[in-house]
Amino acid sequence: MIIRTAALSDLDAISRVEAECFPPEEAATREIFADRLKYYSSHFWLMFDDDVLVSFVDGMCTDERDLTDEMYSRAELHNEAGRWQMIFGVDTIPSYRHKGYAGELIRRVIHDSRKHGRKGLVLTCKDRLVGWYSRFGFVNEGISESVHGGAVWYQMRLEF
């Protein structure tokens, strides 16, 4: 497996993986990903099996303490010097799940965020994933104010 950051040329592959991983009401569109790649392609961690994108993590940096729905659609809010690394998605195509690949990517994001002097990471997830993220040191802060996709989300934080 190869892990690298993204380029605009990865847009189609990223969009395909997202469509496989999230229902339409929660999935980011191709246009949103194009905007995210324009502003913070170095905050997309991609994992490839040969030339096939099998998993990725993406998110912006900000000084805002909490992840808001506005951040998902407004890539221009990214602040490269921001203290917090937000995580918008942890996507792994179904045939590659339960093999540790998403965990490997999360560990890489944690490592890189620490190396770049961030204060920590913030994400939101569904109830069924709270325990999984806890294994990496994330702490459940309760139900998020997010209404993204009409789902109930829990905000989790890993502070260095």
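All of these numbers come straight from a predicted model, not from anything done at the bench. (Residues numbered from 1 in each chain as written. Predicted model: local features only at pLDDT ≥ 70, side-chain atom pairs only at ≥ 80, totals over all residues. Heavy atoms only, no water.)

Caption draft 1: Layout of unusual backbone geometry. Residues other than glycine seldom take positive phi values, yet D50 does so here, at roughly 55°. For D50, the location among the structural elements is in the loop between β2 (44-49) and β3 (52-58). Within the chain, H98 stands out as a residue other than glycine whose phi angle is a positive 65°. Here H98 shows up in the loop between β6 (89-92) and α4 (101-115). (Helix = DSSP H or I, 4+ residues; strand = E, 2+ residues; numbered from the N terminus.)

Caption draft 2: Examining helix α1 (residues 11-21) more closely. Those residues of α1 lying buried are L11, A13, I14, S15, V17, E18 and C21. Its buried side turned inward, α1 meets α2 (30-40), β2, β3 and β6. (Buried < 20%, exposed > 50% of the residue type's maximum accessible area, 1.4 Å probe, protein only. Contact = heavy atoms within 4.5 Å.)

Caption draft 3: Region of interest: the packing of aromatic side chains. With the rule as written, the count across this model stands at nine aromatic pairs. Between F44 and F56 the ring centres are 6.3 Å apart and the planes differ by 25°, which places this aromatic pair in the stacked class. You can see F44 sitting in strand β2 and its partner F56 sitting in strand β3, a full 12 residues away along the chain. For F44, a relative accessible area of 0% translates into the label buried. Of the residues examined, F56 reaches a relative accessible area of 0% and is grouped as buried. Here the aromatic cluster, defined as three or more aromatic residues joined through ring pairs, consists of F33, Y40, F44 and F56. One Lys or Arg, K99, reaches over the ring of Y96 and ends 5.9 Å from the middle of that ring. The ring centre of W84 lies 4.6 Å from the NZ or CZ of R157, which sits over that ring. (Phe/Tyr/Trp six-rings, centres within 6.5 Å; stacked < 30°, edge-to-face > 60°. Lys NZ or Arg CZ within 6 Å of the ring centre and 35° of its normal.)

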